[in-house]
Amino acid sequence: MSDVTAEQLKEADPSGVIRESYAIEGVSLQDCRIIFFNWVIARRTERDTAEDVAMLLAVYGTDFPDHPMTEVLREGQGGELSANGRRGGWRARRG
């Protein structure tokens, strides 16, 4: 494990869904994407999602480089991860 403390890891993944995904035998890439999506949606807004993804990847990615969740975390580093600012319905269609 990296220099991340247990407390920091708990703050990044309070429900432990990312951690638990690594323990699910035979978990698929699609399952991991759903778990990750739910993790993003459930996040507290004051936390930096990109930093937490980097931390989770540093902790779990080194021990499980070929795990589907590691691939999802790597994918997650490439884009906007915040659920904040999402607009749907009529607001999304207004210019």
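Before reading on, note that the structure itself is shown above.
Computed from a predicted structure; not experimentally measured.

*Asks:* Kindly report on the nonpolar core, identifying the contributing residues and their values.
*Replies:* Counting residues in each nonpolar core, the largest one holds 20 residues, and the members touching the most others are Ile 18, Phe 36, Trp 39, Leu 56, Tyr 60, Met 69 and Leu 73. Among the elements of the structure, helix H1 (6–12), helix H3 (29–41), helix H4 (49–61) and helix H5 (68–76) are those that each provide at least two residues to this core. The dominant element in this core, judged by the number of residues it contributes, is H4, at six residues. Setting aside its immediate chain neighbours within four residues, Leu 56 contacts Leu 9, Ala 12, Asp 13, Ile 18, Trp 39, Gly 61 and Leu 73.

*Asks:* Which residues make up H5, and what values do they have?
*Replies:* Where H5 is concerned, the buried positions are Pro 68, Met 69, Thr 70, Val 72, Leu 73 and Gly 76. Against the buried residues of H5 lie helix H2 (17–21), H3 and H4.

*Asks:* Describe the side chain of Asp 52, naming the residues involved and giving the relevant values.
*Replies:* Within the secondary structure, Asp 52 sits in helix H4. What Asp 52 contacts, discounting residues up to four positions off in sequence, is Ala 12, Trp 39, Arg 43 and Arg 47.

*Asks:* Could you give me a rundown of H4, with the residues and numbers involved?
*Replies:* Here H4 spans 17 Å end to end across 13 residues, near enough to the 18 Å set by a 1.5 Å rise per residue. Packed against the buried residues of H4 are H1, H2, H3 and H5. By the N-cap criterion, in which a side-chain oxygen at the helix start approaches the backbone nitrogen of a residue two or three places on, H4 is capped by Asp 48, the distance to Ala 50 being 3.0 Å.

*Asks:* Give a detailed account of the pattern of salt bridges, specifying residues and quantitative values.
*Replies:* A full pass over the atoms with the stated rule returns five salt bridges. Between Arg 47 and Glu 11 there is a salt bridge, with its nearest N and O atoms 3.4 Å apart. Of this pair, Arg 47 sits in the loop between H3 and H4 while Glu 11 is found in helix H1, placing the two residues 36 residues apart along the sequence. The closest approach of N and O atoms between Asp 52 and Arg 43, which form a salt bridge, is 2.6 Å. Each member of the pair Asp 52 and Arg 43 is classed as buried. Here the salt bridges share partners, and the residues they tie into one network are Glu 11, Arg 43, Arg 47 and Asp 52.

Each value, and the rule that gives it
- Residues numbered from 1 in each chain as written.
- Predicted model: local features only at pLDDT ≥ 70, side-chain atom pairs only at ≥ 80, totals over all residues.
- Heavy atoms only, no water.
- Core = buried A, V, L, I, M, F, W, Y, C linked by side-chain atoms within 4.5 Å.
- Buried < 20%, exposed > 50% of the residue type's maximum accessible area, 1.4 Å probe, protein only.
- Helix = DSSP H or I, 4+ residues; strand = E, 2+ residues; numbered from the N terminus.
- Contact = heavy atoms within 4.5 Å.
- Expected span 1.5 Å × (residues − 1).
- Polar contact = N/O pair within 3.5 Å; in protein donor to acceptor, adjacent residues only side chain to side chain.
- Salt bridge = Lys/Arg side-chain N within 4 Å of Asp/Glu carboxyl O.

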